[in-house]
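Descriptive structure summary
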Amino acid sequence: MHAIVVEKPGGPEALVWAEVPDPEPGAGEVVVEITAAAVNRADVMQRQGFYPPPAGAPPYIGLECAGVIAAVGADVAGHHVGERVCALLAGGGYAERVVLPAGQLLPVPRGMSLQEAASLPEVACTVWSNVVDIARLRQGRTLLVHGGGGGIGTFAIQLGKALGATVIVTARERKHEQLLALGADLAIDYTSADFVEATRDFTEGHGADVILDIIGAKYLARNIAALAMDGHIVTIGMQGGRTGELDFGALMAKRGSISATTLRARPAKDKARIVRGVRDQVWPLIDAGAIRPIIDRTIPMAQAAEAHRLMESSDHLGKIVLLP
Ligand SMILES: NC(=O)c1ccc[n+]([C@@H]2O[C@H](COP(=O)([O-])OP(=O)(O)OC[C@H]3O[C@@H](n4cnc5c(N)ncnc54)[C@H](OP(=O)(O)O)[C@@H]3O)[C@@H](O)[C@H]2O)c1
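First, a word on scope: everything that follows refers to the structure included in this document. On a predicted model such as this, the values are computed, not experimentally measured, just so you know. (Residues numbered from 1 in each chain as written. Predicted model: local features only at pLDDT ≥ 70, side-chain atom pairs only at ≥ 80, totals over all residues. Heavy atoms only, no water.)

What follows is about the overall build of the chain. Looking only at helices and strands, the chain has eleven helices and 15 strands in total. What you see for the chain is a C-alpha radius of gyration of 19 Å, in line with the 20 Å of a compact globule of 324 residues. Counting only C-alpha atoms, the chain reaches 55 × 40 × 35 Å along its principal axes. Across the 324 residues of the chain, 54% fall into the buried class. Taking all contacts inside the chain whose residues are at least 6 apart in sequence as the whole, residues at least 24 apart take part in 68%. If you sum the accessible surface of the chain, you get close to 13,700 Å²; carbon and sulfur atoms cover 51% of it. Positive and negative side-chain charges of the chain, numbering 30 and 35 respectively, have mean locations separated by a distance of 4 Å. (Helix = DSSP H or I, 4+ residues; strand = E, 2+ residues; numbered from the N terminus. Rg over C-alpha atoms; globule rule 2.2 N^0.38 Å. Buried < 20%, exposed > 50% of the residue type's maximum accessible area, 1.4 Å probe, protein only. Contact = heavy atoms within 4.5 Å. Areas by Shrake-Rupley, 256 points an atom, 1.4 Å probe, with all protein chains shown as cover. Lys, Arg positive; Asp, Glu negative; His and termini not counted. Charge placed at Lys NZ, Arg CZ, Asp CG, Glu CD.)

In structure tokens:
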């Protein structure tokens, strides 16, 4: 088969479409013939050599895909060759075929194309596991989403609204109209406005009950300042640095919590639990049309370099999908 390989970690030009060995399913695994895969910010870090795949994962980049099951290993129940699926991956999505634990398969949502379905597993699992499973967002609460225009952000807006929460986002101004149309109640241009003040004003001093944070160090103090009493910050990215100073006094005054998680490094059993939670709680919302895939554009997989340039420019809105 063909896959995108990284000949030498570096810029987008490091991504090369090359012939590689075909994957074989082990016990509990399936092989999926990929129709579409989607790009995630972490893919850029892997290309640069800063985010190696976890042990046992395919060496190629790519955290989600959709396609058709091509082979089923021993001890796999409930799946068959020819089944249309989408999947959460620990790696290997930028390829014509990928092997993965069967517990990471999800059904293709009702009426959805494989191209659309490919854009959902990683963002759905990340957002649900942090915002719902950990931070317990529910109706009537306020969710602040940093990076509202990204793949994670556009999904988080829709999940927050579907759960009956008020959703505030930070994003550059030119994305605001589309994010408000997606359901965001307030969009803050982080380049010109103070999100702490804007969040406090909008919530009449209450603050955000849950903050989905992709910035890390640079926003630590301000996230605590924007937090409601008993609120929860869930940090999933370090786009603003990894080392910050935590003011325990400020956090205690809010009776606040901070969690920091990464989905990719979780063991397969843990991922399967999250995938089950997403299938039970999020897929019905997608089937009902309350959450839809937001795809900026599709790009041939052999031109993955172009997709990475776009992601690094942050000029996309939602997801970038690759077609092998
Ligand atoms: N821990 C995990 O398990 C996990 C899983 C998936 C993703 N992530 C992380 O989640 C983050 C988002 O991923 P993604 O795939 O959705 O990337 P993405 O599509 O590139 O979205 C990120 C967006 O953040 C915005 N942004 C940049 N600086 C910002 C700032 N200071 N304040 C607010 N927004 C800012 C950019 O848009 P504008 O500047 O144009 O508004 C950009 O489009 C990444 O850091 C990724 O590593 C973590």
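Let us keep going from here.
Before going further, it helps to examine the pairing of strand S5 (residues 84-88). Of all five residues in S5, four are buried; the element is thus mostly enclosed. As paired strands, strand S4 (residues 64-72) and S5 are joined by five bridges and run antiparallel to one another. Looking across to S5, one finds that valine 68 is bridged to arginine 84. One ladder, built from three bridges, connects S5 with strand S7 (residues 105-107); its direction is antiparallel. (Pairing = 2+ DSSP bridges.)

A separate point is the site of the ligand. Taken together, 25 residues sit near the ligand, with Arg41, Arg172, Lys175, Tyr190 and Gln239 positioned nearest. Taking lysine 175, its side chain carries an N or O atom lying 2.6 Å from an oxygen atom of the ligand. A distance of 2.7 Å is found between an oxygen atom of the ligand and a side-chain nitrogen or oxygen belonging to histidine 316. Contact with the protein chains removes 93% of the 910 Å² of surface that the ligand exposes when unbound. (Near = heavy atom within 4 Å. Polar contact = N/O pair within 3.5 Å; in protein donor to acceptor, adjacent residues only side chain to side chain.)

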